[in-house]
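Analysis of the macromolecular model
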Amino acid sequence: MNLLHKALRIRPLSAEELVRIPSRLQRNVISTTPFTPNQVVIQGEKKQSFTFDHVFGPETTQKEIYDKTVMKLIDQFLEGNNVTVLTFGHTSSGKSYTMGTTEKSTHESKGIIPRSITTLLSCVNSTQYKTRKPFMKVSFVEIYNDESTDLLCEGGDRKLNTSLTGLQEIRVNSAEEVTGLLSLGQLNRRSNAQDLNRHDPDNSHVIVFSPKLNKQFDGEWVTVTSKFHFVDLAGNEMVRSFGLEHKLKEHFTSTNELTTKVAIGNAICALGDPSENSTFLPYKGSKLTRILQNYLCNNIQALIIACVSPIEYNIKETVNTLEYAKHARKIK
Ligand code: ADP
Ligand code: MG
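Residues numbered from 1 in each chain as written. Chains lettered and ligands numbered in written order. Predicted model: local features only at pLDDT ≥ 70, side-chain atom pairs only at ≥ 80, totals over all residues. Heavy atoms only, no water.

In plain terms, the rule: UniProt positions are given in the numbering used here, feature names are shortened, and annotations may be inferred rather than shown by experiment.
Per an unreviewed UniProt entry, the chain goes by Kinesin-like protein and derives from Rhizophagus irregularis. In its Subcellular location (unreviewed entry) section, the UniProt entry covering the chain states "Cytoplasm". According to the UniProt record, the Sequence similarities (unreviewed entry) comment for the chain reads "Belongs to the TRAFAC class myosin-kinesin ATPase superfamily. Kinesin family."

**Concerning the overall build of the chain**
Heads up, the rule is: Helical segments are the DSSP runs of H or I of at least four residues, strand segments are the runs of E of at least two, and each set is numbered from the N terminus. Think of it in three bands: with a 1.4 Å probe and only protein chains considered, a residue is buried below 20% of the maximum accessible area for its type, exposed above 50%, and partly exposed in between. Contact criterion: two residues are considered in contact whenever any of their non-hydrogen atoms come within 4.5 Å of each other. Using a 1.4 Å probe, accessible areas were evaluated by the Shrake-Rupley method; residue-level cover was limited to the displayed protein chains.
Across its full length, the chain holds 14 helices and 14 strands. In the chain, which comprises 332 residues, the proportion classed as buried is 52%. Within the chain, residue pairs in contact and separated by at least 24 positions form 71% of the contacts whose partners lie at least 6 positions apart. Carbon together with sulfur atoms contributes 51% to the accessible area of the chain, which is approximately 15700 Å² in total.

**Considerations on the UniProt feature "binding site: ATP" (unreviewed entry) in the chain**
UniProt's feature table lists "binding site: ATP" (unreviewed entry) at G89, H90, T91, S92, S93, G94, K95 and S96, given in the numbering used throughout. By secondary structure assignment, the location of H90 is in the loop between β6 (82-88) and α3 (95-99). On the basis of relative accessible area, H90 is assigned to the buried category, the value being 7%. Of note, S96 is situated in helix α3.

**Side note on helix α6 (residues 175-187)**
Here is the rule we go by: A helix's residues, less one, multiplied by 1.5 Å, set its expected span. Taking the helix axis as origin, the arc is that swept by the directions to the C-beta atoms.
Under the 1.5 Å per step criterion, the end-to-end length of α6 is 19 Å for 13 residues, consistent within 8% with the ideal 18 Å. Along α6, the residues classified as buried are A175, V178, L181, L182, G185 and Q186. Projected onto a plane normal to the axis of α6, the buried residues spread over an arc of 145° and lie on a single side. Exposed residues pointing more than 90 degrees away from the buried face of α6 are listed as E176 and L187.

**Focus on the packing of aromatic side chains**
Definition in use: Working definition: rings of Phe, Tyr and Trp (its six-membered ring) pair if their centres are within 6.5 Å, and the pair is stacked with planes under 30 degrees apart, edge-to-face with planes over 60 apart, and tilted otherwise.
All chains considered together, the criterion is met by two aromatic pairs. Measuring from centroid to centroid gives 4.8 Å for F228 and F230, while their planes differ by 25°, and the two rings are stacked. Note on F230: relative accessible area 1%, which makes it buried. Through a chain of ring-to-ring contacts, the aromatic side chains of F77, F228 and F230 assemble into a single cluster.

**A look at the sheet that holds strand β3 (residues 36-43)**
Counted only if it meets this: A strand pair is defined by DSSP finding two or more bridges across the two strands. The convention used is that axes are lines fitted to C-alpha atoms, helices contributing only their stretch in contact, and that angles between N-to-C directions extend from 0 to 180 degrees.
Judged by pairing direction, the sheet is antiparallel, and its three strands sit side by side in the order β2-β3-β4 without closing on themselves. Either end of the sheet is taken by a strand with one partner, and the two such strands are β2 (30-33) and β4 (47-51). Direction aside, the axes of adjacent strands within the sheet are offset by 30° on average.

**Details of the confidence of the model for the chain**
Worth spelling out the cut-off: For every residue, the predictor reports its confidence as pLDDT, a number between 0 and 100.
Chain-level statistics for the chain give a pLDDT mean of 74 and a share of 67% at 70 or above. By mean pLDDT, helix α10 (residues 255-258) is the weakest element of the chain at 36, and strand β5 (residues 54-56) is the strongest at 95. Ignoring residues within four places in sequence, the model shows residues 193-200, a span with pLDDT below 50, making seven contacts including any to other chains. Below a pLDDT of 50 lies the segment residues 237-266, which in the model reaches 59 contacts outside its immediate sequence neighbourhood of four places, other chains included.

Spelled out as structure tokens, the structure:
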């Protein structure tokens, strides 16, 4: 059974934006009301409202997001379901901050990945699971320009083919080991090594956490492998990977409109109902598409977190993100 949970996170205005963006464009355009906590109203040329399973305003802490959305998926995962947590939105909307793929963080600002890993490892090492001989492994892939790179591969060729043959899966025993591997992976990012002129840090990252647990079925012990995927989906990469550049150019006249609009929609709809969407989602054999296809279609508990900025300056991207989150279908 596929199940899709939808959340929205509105990030706070940053100190850097206060300086850079003209004050008239700093007007807050997105609001929540205490009476309808799952709804947001966006005030652009017209007023529109959108409903989510959870709405998190600018004051929300990292812990609150984790406790209210991700924690309940951990049990599902330990019982053998595949879980995917995906953040999406325009550049600088807070995707990586929410996911916790950015390098430096304090205890409070730790994102979803380090929090999940701490919980998962402590569960697996608890007595309840210990007898099932658990075995935890982690992989870390970066997708940029439709090429995937194994960020945990030391030396040699780090490029991966579409089926991710030879992807490093490193055995881990503690949360510290995982954090260490993720920092190592950050150092191996293509953007650091090869493309010093590139100003856009918005790459897609997929982190897979896969334990093997022994489980008893009808008196027999079998090994169950479920996967926990963390996807930090870059807006630019979505357009490219879903093979939509062409399609988009036919439908939209301006590049601005072309950005994330249809691309996010298709990606998100694919989460909801793969069978129905395969007809209009052009799976063109791009790496990200194939990776996501595997991760999103089979017995998945998926959580998508739409990330937006609160101000008028970003209103166009914000409306796009909200509209596409709206079209993500919920399978019961
Ligand atoms: P994205 O990955 O969507 O491009 P980032 O996660 O890198 O965006 O966020 C852009 C900037 O805003 C970063 O400097 C990040 O630390 C900051 N930021 C994002 N969300 C929050 C938040 N909820 N609270 C504080 N700072 C945030
Ligand atoms: Mg990012």
